Amino acid sequence: MLDLDKRQQEKLYNQLEAVRRKYKPEKIDLLFIAEAPPNAIDRFFYYENVTEADYLYLGIVRALDEKSNVETKTLRAIKKDVLLKLKECGIFLMDLCSMPLAFAIPPIAELHKNEFIKKLEQTDGIDKEYTNIILIKANVYDCLYGELKKKGYKVVNKRIPFPASGQQKNFQVAMREALAEINFI
């Protein structure tokens, strides 16, 4: 774990939340919940100028538009426009742990569950009646699925791997099945 003092942690948290809010829809129709921002913070999902290893962004965009054959270089070049389109379509991403795990205390995403659920319940635009939730990564599913279901959220019952480390194809298959289940594609 990397050490950040309290002021640096707060600054990083505020920076990430400000960028996330920029692309937050007023009404969230589809909410993705991932584990945490990447430790290499320059690859954060909502940063517009990411040039490598942005597996989650590429995986989600490709799953949402399975007919698109847009090259990775092009998807990165138009990222700002894509993020605005996601916002327009009511799609948003939150993380179980709001800080990269290298900076989180404790550095285990599942230990932030109660904090996350409180944040989820206070997030404007999320409604248990119409917001569909897809959990990304097996540990996020294992940690949140039962709790969110018990609280009445419309959460998809599917374990979806993170789209890295050779899991990109498995991610695409599982994500498209989840999106089809909620009639989102």
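See above for the structure.
Residues numbered from 1 in each chain as written. Predicted model: local features only at pLDDT ≥ 70, side-chain atom pairs only at ≥ 80, totals over all residues. Heavy atoms only, no water.

Q: Quick question: what am I supposed to make of the overall build of the protein chain here?
A: Tallying secondary structure elements over the protein chain gives seven helices and four strands in all. Its helices and strands in sequence order give the protein chain the pattern α-β-α-α-α-β-α-β-α-β-α, from N to C terminus. Over its C-alpha trace the protein chain gives a radius of gyration of 16 Å, about what one expects of a compact globule, namely 16 Å for 185 residues. For the protein chain, the spread of C-alpha atoms along the three principal axes comes to 45 × 40 × 35 Å. Across the 185 residues in the protein chain, those meeting the buried criterion constitute 46%. By sequence separation, contacts in the protein chain at least 24 residues apart represent 71% of the contacts at least 6 residues apart. Approximately 9900 Å² of the protein chain is accessible, and the part contributed by carbon and sulfur atoms is 48%. (Helix = DSSP H or I, 4+ residues; strand = E, 2+ residues; numbered from the N terminus. Rg over C-alpha atoms; globule rule 2.2 N^0.38 Å. Buried < 20%, exposed > 50% of the residue type's maximum accessible area, 1.4 Å probe, protein only. Contact = heavy atoms within 4.5 Å. Areas by Shrake-Rupley, 256 points an atom, 1.4 Å probe, with all protein chains shown as cover.)

Q: Looking at this model, I keep getting lost on empty space enclosed by the protein. Mind explaining?
A: To find leftover empty space, a probe the size of one water molecule is rolled over the atoms. Enumeration according to the criterion identifies one cavity of 30 Å³ or more in this entry. Empty space within the largest cavity amounts to approximately 30 Å³. Around the largest cavity, the lining residues are Phe32, Phe45, Tyr46, Ile60, Leu86, Ile91, Phe92 and Leu93. Ranked by residues supplied to the lining of the largest cavity, first place goes to strand S2 (residues 91-95) with three residues. In terms of residue class, the lining of the largest cavity is built from eight nonpolar, no polar and no charged. (1 Å grid on protein atoms, 1.4 Å probe; cavity = no way out; pocket = protein on both sides within 12 Å on 5 of 7 lines; lining within 4 Å. Points joined across faces, edges and corners; volume = space filled by probe spheres on them. Nonpolar A, V, L, I, M, F, W, Y, C, P; charged D, E, K, R; others polar.)

Q: So what exactly am I meant to see when it comes to the nonpolar core here?
A: The nonpolar side chains of a soluble globular protein tend to be buried with one another. By size, the foremost hydrophobic cluster in this structure holds 61 residues, and its most contacted members are Phe32, Ile134, Leu135, Leu144 and Leu148. Discounting chain neighbours no more than four positions away, the residues touching Leu144 are Ile33, Leu96, Lys113, Phe116, Ile117 and Leu135. (Core = buried A, V, L, I, M, F, W, Y, C linked by side-chain atoms within 4.5 Å.)

Q: It is not clear to me how the side chain of Lys24 should be interpreted in this structure. Could you clarify?
A: As for its position among the elements, Lys24 is in the loop between helix H1 (6-22) and strand S1 (30-34). Looking at Lys24, its side chain comes within polar contact range of the main-chain oxygen of Asp124, at 2.6 Å. Setting aside anything within four residues of it in sequence, one finds Lys24 in contact with Lys87, Phe92, Thr123, Asp124 and Gly125. (Polar contact = N/O pair within 3.5 Å; in protein donor to acceptor, adjacent residues only side chain to side chain.)

Q: Explain the layout of surface pockets to me, please; I cannot follow it from the model alone.
A: Put simply, the largest pocket is a space of about 380 Å³. Residue contributions to the lining of the largest pocket peak at three residues, all from helix H2 (residues 55-64).

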